[in-house]
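# Examination of the molecular architecture
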Amino acid sequence: DTTLLASSSFDETICLWDVPRGQLHNQLYGHTGVVYTVDFSPDGRLLASGGEDHTIRLWDVAQGRCIAVLRGHCHAVIAVKFHPDGQTLISNAFDQTLRLWHVADGRCLHAFHGYAHHVGSLAFSPNGRQLASTSSQPFIDLRDWHNESSSLVRIRTGDVNAVVFGSDGTTLVTGGADHAIRIWD
């Protein structure tokens with residue numbers, strides 16, 4: 001449903017907003033701490049959330065209920081992102097790991113360890129082949145998602161808080177502490 005907007009909150013809730021009406025559509029309860037991140041599945045039927053309670057929750061948007069709680073991180077979950085195929089989800093937390101989850105059954109498919117700093121923002125390219133991530137370090141990591149042995153491309157950027165791919169899949173857009181938005185080819 002493209003008329004809904006999800007917001008996370010320090011009051012342990014998730015709000016679903018009816019954008020055309022400018023009204024609260026539903027409020028979701030379940031996390032036991034700050035909710036830091038939310039992301040809709042590509043088809044809009046599910047919402048993933050992550051929070052201070054170290055969990056990821058999957059929500060049925062139409063019914064407004066939690067259908068799964070994913071556990072595996074040992075610190076607050078600060079970003080969740082659905083893969084464009086809708087079948088997998090990636091998360092990152094202050095435990096300096098990324099985790100790949102199977103959405104249908106909630107299994108952790110892989111844990112990526114070894115990050116020297118916590119990862120901040122995550123973005124998949126529109127075709128799902130590349131994953132871009134930011135960290136507390138002044139660069140963006142770009143990796144071929146379908147080839148774990150592929151080399152990591154590191155783009156030096158400055159302090160970046162957010163990253164998204166352009167709809168063409170060939171550009172990255174970043175925003176940072178310097179209040180600038182940058183477009184990378």
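You'll find the structure just up there.
I will try to describe carefully the structure that is included in this document. (Residues numbered from 1 in each chain as written. Predicted model: local features only at pLDDT ≥ 70, side-chain atom pairs only at ≥ 80, totals over all residues. Heavy atoms only, no water.)

What follows is about the overall build of the protein. Along the backbone of the protein there are zero helices and 18 strands. For the protein, the residues scored as buried account for 44% of the 185 residues in total. Taking as baseline every contact in the protein between residues at least 6 positions apart, the subset at least 24 positions apart corresponds to 32%. Element-wise, carbon and sulfur atoms account for 50% of the exposed surface of the protein, whose accessible area totals about 9500 Å². (Helix = DSSP H or I, 4+ residues; strand = E, 2+ residues; numbered from the N terminus. Buried < 20%, exposed > 50% of the residue type's maximum accessible area, 1.4 Å probe, protein only. Contact = heavy atoms within 4.5 Å. Areas by Shrake-Rupley, 256 points an atom, 1.4 Å probe, with all protein chains shown as cover.)

Taken in spatial order, the four strands of this open sheet run S8-S9-S10-S11, and their pairing is antiparallel. Of all strands in the sheet, those bounded by a partner on one side alone are strand S8 (77-82) and strand S11 (108-112). Within the sheet, the average angular offset between the axes of one strand and its neighbour, ignoring direction, is 20°. (Pairing = 2+ DSSP bridges. Axes fitted to C-alpha atoms, helices over the stretch in contact; angles between N-to-C directions.)

Right, let's get into the pattern of salt bridges. Should the charged atoms of two oppositely charged side chains come close, the side chains can pair. One pass over the structure, following the stated rule, counts five salt bridges. Two residues, arginine 21 and aspartate 18, come together in a salt bridge whose shortest N-O distance is 3.1 Å. Using a relative accessible area of 12% as the deciding quantity, one classes aspartate 18 as buried. For aspartate 39, the salt bridge goes to lysine 81, with nearest N and O atoms at 3.5 Å. Of the two residues, aspartate 39 is situated in strand S4 (residues 35-40) and lysine 81 in strand S8; the sequence distance between them amounts to 42 residues. You can call lysine 81 partly exposed: its relative accessible area is 27%. (Salt bridge = Lys/Arg side-chain N within 4 Å of Asp/Glu carboxyl O.)

The subject of this paragraph is the sheet that holds strand S18 (residues 181-184). Strand order in the open sheet formed by three strands is S16-S17-S18, with antiparallel pairing between adjacent strands. One side of each edge strand has no neighbouring strand; the edge strands of this open sheet are strand S16 (160-165) and S18. The mean inter-strand angle of the sheet, taken between neighbouring strand axes irrespective of direction, is 20°. Here strand S17 (residues 172-176) pairs with S18 via four bridges, running antiparallel. Its bridge partner being in S18, leucine 172 is matched across the sheet by tryptophan 184.

Our next topic: the pairing of S8. A regular strand places its side chains so that they alternate between the two faces of the sheet. Counting buried positions along S8 gives five out of six residues, so the element sits mostly inside the fold. The hairpin formed by S8 and strand S9 (residues 88-93) contains five residues between the paired strands, and glycine 86 there has a positive phi angle of roughly 75°.

Time to look at the side chain of serine 125. Mapped onto the fold, serine 125 is located in the loop between strand S12 (119-124) and strand S13 (130-135). Given a relative accessible area of 2%, serine 125 falls into the buried group. The contact partners of serine 125, leaving out residues within four places of it in the chain, are Pro84, Gln130 and Phe165.

Below, the discussion takes up a nonpolar patch on the surface. Residues Leu5, Trp17, Val19 and Leu24 make up a contiguous nonpolar surface patch of roughly 350 Å² in combined accessible area. Secondary-structure assignment places tryptophan 17 in strand S2 (residues 13-18). Assessed through its relative accessible area of 31%, tryptophan 17 is described here as partly exposed. (Patch = residues over 30% accessible without salt bridge, like charges linked within 9 Å, V, L, I, M, F, W, Y side chains within 5 Å.)

As a rule of thumb, nonpolar side chains are buried together in soluble globular proteins. Formed by Leu46, Ala48, Ile56, Leu58, Leu70, Val77, Val80, Phe82, Leu89, Ala93, Trp101 and Val103, the largest nonpolar core amounts to 12 residues. For this core, the secondary-structure elements that each account for two or more residues are strand S5 (46-51), strand S6 (55-60), S8 and S9. Looking at which element gives the most residues to this core, the answer is S8, with three residues. Excluding its chain neighbours within four sequence positions, the residues that come into contact with leucine 46 are Asp39, Phe40, Ser41, Trp59, Asp60, Val61, Ile67, Phe82 and Val103. (Core = buried A, V, L, I, M, F, W, Y, C linked by side-chain atoms within 4.5 Å.)

Attention now moves to the pairing of S4. Relative to S5, S4 is paired through five bridges, and the arrangement is antiparallel. Note on S5: the bridge partner recorded for valine 38 is serine 49. The hairpin turn running from S4 into S5, its antiparallel successor, is five residues long, and glycine 44 in that turn takes a positive phi close to 80°.

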